[in-house]
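# Notes for the structure review
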Amino acid sequence: MGYAVFETARYMGKTGAAVKRALGLGSFCLYPIIFDMSINQPSSYVFPHKHLLGIEGLSRPDIEALLELADEEVILSRQVEKKKTSLRGRTQINLFFEPSTRTQASFELAGKRLGADVMNMSVANSSAKKGETLIDTAMTLNAMRPDLIIVRHHAAGAVQLLSRKVDCSVINAGDGAHEHPTQALLDALTIKRAKGRIEGLVVAICGDIMHSRVARSNMICLAALGARVRLVGPTTLMPAGIERFGFEIFHDMREGIRDADIIMMLRLQRERMHGSFVPSTKEYFRYFGLDDEKLALAKPDALVMHPGPMNRGIEISTDVADGAQSLIREQVEMGVAVRMAVLEALARRLPNG
Ligand code: MLT
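Residues numbered from 1 in each chain as written. Predicted model: local features only at pLDDT ≥ 70, side-chain atom pairs only at ≥ 80, totals over all residues. Heavy atoms only, no water.

Attention now moves to the overall build of the protein. From N to C terminus, the protein includes 13 helices and nine strands. For the protein, the residues scored as buried account for 57% of the 353 residues in total. Put simply, of all contacts in the protein between residues at least 6 apart along the chain, 74% involve residues at least 24 apart. Put simply, the protein shows about 14800 Å² of open surface, and 52% of that area lies on carbon and sulfur atoms. (Helix = DSSP H or I, 4+ residues; strand = E, 2+ residues; numbered from the N terminus. Buried < 20%, exposed > 50% of the residue type's maximum accessible area, 1.4 Å probe, protein only. Contact = heavy atoms within 4.5 Å. Areas by Shrake-Rupley, 256 points an atom, 1.4 Å probe, with all protein chains shown as cover.)

Now the structure itself:
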């Protein structure tokens, strides 16, 4: 079979340390993924985790339950009356140590649609600028008795560390090059709604795989849901040893996207690059940028995704980004729905939830 689902599960289960090394994740713990293809979701499904720190550690039923709930949130979000009361009385803090537009905005909207009191804290206004450690910040916020903290941090593993120090539920909104679980969930929801399924689809994740938490979360999520995941990018932007996990690796973009159902483009994550990984952005676009000519090699009904922010003319052309095959706007809409689903699933587990 050669494809990621079982291979990844096997590797994650048996050789967590090797996986960590290959993905450059340092010493933070990876949990084995449980792949259980046979369980159908009962509607009474209870999300079994206190935090959402990554896609890793979630079972297929966990992922499917969140997607099902998110589907309901889409219906609510399209109504004039967009409010629910499931988080009424709850306090949600959005703690962002890195800039963000869509992720922070969608977590804020999601919390508000569910009735929570939402506070946004960005690093520019926090004591972290004055030298306070992550843990001190966490302890300070914990003393204010929040119910949910959403954290974005530039260091891989920082969110997991913080989750150990606070009493409330913690959601990872992106930690370094490690994971961005709600992005992968919203991408899965977008694909499922557009294609009617994920199982068996060929998904090409293209670009800066090495520095991308979106790629990492997506490869685990999509493989768990039965997609055939291809990783496409220059050798310099591919994590060493990644081929051991059963993903198909391509260094030629044209080959990588040939007959694909979904093409997921990634930004060059310059903020995480130490040194020069591509000769020039012009050169990069020529070989790895998605334009109409390359897109024509994918299936005729192939769809294009990008987590944003997009760099037009570097990894994607304006024609493709705004074209008929683009799902980029849908992804933004699904972002709110998925974040509502995650907040709601975690809030059900809170005391008196
Ligand atoms: C992220 O936070 O990782 C974004 O959603 C994707 C990006 O920054 O390129």
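Another point: the nonpolar core. It is characteristic of soluble globular proteins that their nonpolar side chains tend to be buried jointly. Formed by 66 residues in total, the largest nonpolar core has its most connected members in Ile63, Leu185, Ile205, Met219, Leu222 and Leu231. Per element, the largest residue contribution to this core is 11 residues, and it comes from helix H13 (residues 328–347). Not counting the four nearest positions on each side in its chain, Leu231 is found in contact with Ile205, Ile209, Met219, Met238, Ile242, Phe247, Glu248, Ile249 and Phe250. Counting 27 residues, the second-largest nonpolar core is a separate cluster that includes Cys206, Met273, Ala298 and Ala321. (Core = buried A, V, L, I, M, F, W, Y, C linked by side-chain atoms within 4.5 Å.)

Moving on, we get to the pattern of salt bridges. Overall, the coordinates contain 16 salt bridges when judged by the stated rule. Taking the shortest distance from any N to any O, the salt bridge between Asp261 and Lys299 comes out at 2.9 Å. Of the two residues, Asp261 sits in the loop between helix H9 (253–257) and strand E8 (262–265) while Lys299 sits in the loop between helix H11 (292–295) and strand E9 (303–305), which places them 38 residues apart along the sequence. A single salt-bridge network, built from bridges that share partners, covers Arg60, Glu64 and Glu199. (Salt bridge = Lys/Arg side-chain N within 4 Å of Asp/Glu carboxyl O.)

The subject of this paragraph is the sheet that holds strand E7 (residues 248–250). The strand order E7-E6-E5-E8-E9 describes an open sheet built from five strands, whose pairing is parallel. Every interior strand has two partners, whereas the edge strands, E7 and E9, have only one. Neighbour-to-neighbour, the strand axes of this sheet turn through a mean angle of 20 degrees, independent of strand direction. Bridge count between E8 and E9: three bridges; the pairing is parallel. Considered in E9, the bridge of Met264 is made with Met305. (Pairing = 2+ DSSP bridges. Axes fitted to C-alpha atoms, helices over the stretch in contact; angles between N-to-C directions.)

Near the ligand the following residues occur: Arg152, His180, Arg213, Val214, Arg267, Gln269, Gly308 and Pro309. Within the side chain of Gln269, an N or O atom sits 3.0 Å from an oxygen atom of the ligand. Note that an oxygen atom of the ligand is positioned 3.5 Å from one of the backbone N or O atoms of Gly308. A total of 260 Å² of accessible area belongs to the ligand in isolation, and the protein chains cover 94% of it. Class assignment of the residues belonging to the shell around the ligand gives a composition of two nonpolar, three polar and three charged. (Near = heavy atom within 4 Å. Polar contact = N/O pair within 3.5 Å; in protein donor to acceptor, adjacent residues only side chain to side chain. Nonpolar A, V, L, I, M, F, W, Y, C, P; charged D, E, K, R; others polar.)

Next up on the list: the packing of aromatic side chains. Ring pairs (aromatic) are described by centroid distance and by the angle formed between their planes. Overall, the coordinates contain one aromatic pair when judged by the stated rule. Sitting over the ring of Phe285, Lys294 keeps its end group 5.9 Å from the ring centre. (Phe/Tyr/Trp six-rings, centres within 6.5 Å; stacked < 30°, edge-to-face > 60°. Lys NZ or Arg CZ within 6 Å of the ring centre and 35° of its normal.)

It is worth spelling out the pairing of strand E6 (residues 228–232) at this point. Counting buried positions along E6 yields four of five residues, so the element is predominantly enclosed. As paired strands, strand E5 (residues 202–206) and E6 are joined by five bridges and run parallel to one another. Residue pairing in the sheet places Val202 in a bridge with Arg228 of E6. Tracing the backbone out of E5, into helix H8 (residues 213–224) and back to the parallel element E6 gives a crossover that is right-handed. (Right-handed = clockwise from strand over helix to strand, strands pointing away.)

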